[in-house]
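Residue-level structural notes
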Amino acid sequence: MAGERATKMLILGSARTLFSEKGYDNTPVEEICALAGIAKGTFFYHFESKQSIVRYILAMHIGEYAQKISEQMDTFKDAISKAEYFLAAMVEHGCGAGECDTYFKEFEDEWYITVLMEERRKALLPLLIEVVEEGIDQGYFRVRYPQACAEIAFFGIDAYLHGTQADSEQARCGIREIAAKTLGIKETELAI
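Residues numbered from 1 in each chain as written. Predicted model: local features only at pLDDT ≥ 70, side-chain atom pairs only at ≥ 80, totals over all residues. Heavy atoms only, no water.

1. Details of the nonpolar core
Generally speaking, a soluble globular protein has its nonpolar side chains buried in company with each other. Stated formally: Nonpolar cores are built from buried Ala, Val, Leu, Ile, Met, Phe, Trp, Tyr and Cys residues. Side-chain atoms within 4.5 Å join them into one set. When accessible area is computed with a 1.4 Å probe and restricted to protein chains, residues below 20% of their type maximum are described as buried, those above 50% as exposed, and intermediate ones as partly exposed. The secondary structure listing takes helices from DSSP runs of H or I that are at least 4 residues long and strands from runs of E that are at least 2 residues long, numbered from the N terminus. Contacts: residue pairs with any heavy atoms within 4.5 Å of one another.
Judged by nonpolar contacts, the single largest core of 32 residues is most densely connected at Ile-69, Phe-86, Leu-124 and Phe-141. Elements supplying a minimum of two residues to this core: α4 (50–73), α5 (79–93), α7 (110–137), α8 (146–162) and α9 (169–183). Ranked by the residues each element gives to this core, the list is headed by α5, at eight residues. Beyond its immediate sequence surroundings of up to four residues, Leu-124 is in contact with Tyr-65, Ala-66, Ile-69, Phe-86 and Phe-154. In this structure, Ala-15, Tyr-24, Ile-32 and Trp-111 belong to the second largest nonpolar core, which totals 22 residues.

2. Observations concerning the packing of α5 against α7
Packed helices, taken two at a time, are described by the angle their axes make and the gap between the axes. To keep things clear, this is the line we draw: Only the stretch in contact is used when a helix axis is fitted, and all axes are lines through C-alpha atoms; the angle between N-to-C directions ranges over 0 to 180 degrees. Between 65 and 115 degrees an angle is taken as roughly perpendicular, under 35 as roughly parallel, over 145 as roughly antiparallel, and anywhere else as oblique. Less than a right angle of anticlockwise turn of the near helix away from the far helix marks a crossing as left-handed, whereas a clockwise turn marks it as right-handed. Classes in brief: Ala, Val, Leu, Ile, Met, Phe, Trp, Tyr, Cys and Pro nonpolar; Asp, Glu, Lys and Arg charged; the others, Gly included, polar.
Running from amino to carboxyl end, α5 crosses α7 at an angle of 155 degrees, the nearest separation of the two axes being 8 Å. Accordingly, the angle class assigned to the pair α5 and α7 is roughly antiparallel. The handedness of the crossing between α5 and α7 is left-handed. Counting all contacts with α5, which are made through Ala-79, Lys-82, Ala-83, Phe-86, Met-90 and His-93, the residues of α7 involved are Arg-120, Leu-124, Leu-127, Leu-128, Val-131, Glu-134 and Gly-135. By residue class, the composition of the contact of α5 with α7 is eight nonpolar, two polar and three charged.

3. Let's talk about the packing of aromatic side chains
What describes a pair of aromatic rings is the distance from one ring centre to the other and the angle between the planes of the rings. Rule in force here: Note on aromatic contacts: the rings of Phe and Tyr and the six-membered ring of Trp form a pair at centre separations within 6.5 Å, being stacked when their planes are under 30 degrees apart, edge-to-face when over 60 apart, and tilted otherwise. Ring-over charges, as used throughout, are those where CZ of Arg or NZ of Lys falls within 6 Å of the ring centre and within 35 degrees of the ring normal.
Applying the stated criterion to the full structure yields eight aromatic pairs. Relative to Phe-47, the ring of Phe-43 has its centre 6.1 Å away and its plane inclined at 40 degrees; by these criteria the two rings are tilted. Of the aromatic side chains, those joined through ring pairs into one cluster are Phe-19, Tyr-24, Trp-111 and Tyr-112. Taking the ring centre of Phe-47 as reference, the NZ or CZ of Lys-8 above it sits at 5.3 Å. One Lys or Arg, Lys-50, reaches over the ring of Tyr-24 and ends 4.3 Å from the middle of that ring.

Next up, the structure:
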């Protein structure tokens, strides 16, 4: 088991090195295997394709980011502060994925955007759902369907961030307004 994990990490490290040097499109599986010192069959034992490496890296990166957000939100006592922090973190992080975005310097493949949004949803949406449920219990949020409201706020904001410059004041105001309306609170109660 430990040997398999080490081999998988070796493949990932080799792929990351080549992706950062040559870009995703200019890195064939054969070169990843050569750098890792493995046979092509070993590559395909651990990963279905080159795209699955990107998914794995995205999941790791976004999972680590979600963990940091969760740890920081745990320092707040009330759900409003947690929601504000979560929304501000979404805006600050935008819709990107740091390291992985550098592999696609010249264009954005549709599959990459889809995988990015799926991985963001898996890692980040549960945090917002938890905050909304906590906010209802604390009497802050006035919604009957916490999961649906959290999903609407998350998907709306995430999609918006993907298509715009999130650091503008207009974008922040719009995100604050839609989040407040979705959570059933006055816009003035939410500061981001």
